[in-house]
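Observations on the model geometry
The residues making up each chain are set out below.
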Amino acid sequence: MGMSWEDVVLIEERKNSDEPTVVTVNCPDKAGLGCDLVRNVLEFGLYVTRGDFSTDGKWCYIVLWVVSRPRSLRVDWESLKKRLLSCCPSFLPAFYLNQLPNCSKPPPIYLLKVFSLDRKGLIHDVTEVLCELELTIQSVKVMTNPDGKVLDLFFVTDHLDLLHTKIRREETCDHLRGVLGECCISCELELAGPEYESQKGFTSISEEIADELFSCQLATKEDRSQALSTDVSNVKKAVITVDNLMSPAHTLLQIQCLDQKAIIYDILKISKDCNIQIAYGRISSSVKGYRSLDLFIQTDDGKKILDTEHQVALCSRLKEEMLHPLRVIITNRGPDTELLVANPVELSGKGRPRVFYDVTSSLKALGICIFSAEVGRHSTADREWEVYRFRLDETRGFALTSKQAKTDIVDKVRRTLMGW
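Below: a short report on this structure. Since we're looking at a predicted model, the values are computed, not measured.

Right, let's get into the sheet that holds strand β2 (residues 21–28). Strands belonging to one sheet form pairs held by backbone hydrogen bonds; the direction of such a pair is parallel or antiparallel. If you trace the eight strands from one edge of the open sheet to the other, you get β1-β2-β4-β3-β11-β12-β10-β9, paired in antiparallel fashion. Every interior strand has two partners, whereas the edge strands, β1 (9–12) and β9 (239–243), have only one. Between one strand and the next, the sheet's axes are offset by a mean angle of 25 degrees, whatever the strand orientation. Alignment of strand β10 (residues 251–258) against strand β12 (residues 290–299), held across eight bridges, turns out to be antiparallel. The residue of β12 that forms the bridge with L258 is Y290. Contacting β9, β10, β11 (276–283) and β12, helix α10 (residues 308–323) runs over the sheet at an angle of about 155 degrees to β9.

Okay, here's the thing in structure tokens:
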């Protein structure tokens, strides 16, 4: 008997608050499928507690145990199921494929203009609504006027592919007006024009800042703005063992590392970008803050990784992702204080999930207002980066000029991004 589309993605919701929800995917295999699935799980605010991956190269079976972070987060499981289905290679009936987003071409970019009075947490509140409505932020421009009014420009794509309809655009603006209340002066949503390409241009970064932000080595000097905290120092204890004796057909990677909420995504992203196929993988639950992963892998032509240089290069990339998946620094931009966050993007061009959400959440929790913000791309010799820049408001009672205050901001943002 054939397999129905209902069986491709199964979600067994938790019965008790302390239990995980079990997500099972059973479908034809494709390169990077595990990475794409975990990425979408993260976009819904979920944390993978453990997982199993298995494939014969043609068909795969993946089980993820997930919990919401925070636990009080409401998850639209039906929307998640549709999102995961859209990642799976097609063997589904034509009538159902018509209901899924078309991933064969880039989605259209829409421009959301929000003009409002400024207040603490404004940018995060808008971002939270966009996440709930399954709108992905591609670029941002936030500008605060001297009169205390703010113009936010969000360039977004719609996972539901419905922004071309008037009702979807009106519902989005109505949600935002409901959250912002009397602060909202106007809200407009329309298909982006040439202004999107001009917004993709990015304010230049000085050579000194770029050297610190994109360096492969973590700063250890106390005067560097992203100097190692105790938590990040512990990441250096990550161990990767390469074993070619355990299996006649696969290389075994055994990984032990400090846990963070996107560690599985980071590892699968490297395997996807390096054309590594995971035939079988087991991701254990975190024990005392550490993760263990066993991955049986092959090259894209179905061979073991026997070349020493290839092994070293792969382990080096993996360790770099585990050691330093995100860069967070704070610096001076003229008379202003600027927070910069950077992460490498996938070769496919996709950035890391929920970075803007987490950073704005951290700043809101600290009571810090954002004077301006922008998101752009920066290329170095070996990769492309997504860079988030936030000019922080000095006038709201937070002493940004002190060294301790800057350290506290970097620490809070990093911990939130890492899920610590």
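Looking now at the sheet that holds strand β7 (residues 149–158). Overall, antiparallel pairing links the eight strands, which are arranged β8-β5-β7-β6-β15-β16-β14-β13 in an open sheet. The sheet terminates laterally at β8 (184–191) and β13 (327–333), the two strands that pair on one side only. For this sheet, the mean inter-axis angle between neighbouring strands, taken without regard to orientation, is 25 degrees. Of the strand pairs in this sheet, strand β6 (residues 135–144) and strand β15 (residues 370–379) are connected by three bridges, and their pairing is antiparallel. When the bridges of β15 are listed, V142 appears paired with A373. In this fold helix α5 (residues 166–180) packs onto β5 (110–117), β6, β7 and β8, with an angle of close to 155 degrees to the strand it touches most, β8. Seen against the sheet, helix α12 (residues 403–418) touches β13, β14 (336–344) and β16 (384–392) and runs at an angle of roughly 150 degrees to β13.

Definitions and limits used
Residues numbered from 1 in each chain as written. Predicted model: local features only at pLDDT ≥ 70, side-chain atom pairs only at ≥ 80, totals over all residues. Heavy atoms only, no water. Pairing = 2+ DSSP bridges. Helix = DSSP H or I, 4+ residues; strand = E, 2+ residues; numbered from the N terminus. Axes fitted to C-alpha atoms, helices over the stretch in contact; angles between N-to-C directions. Contact = heavy atoms within 4.5 Å.

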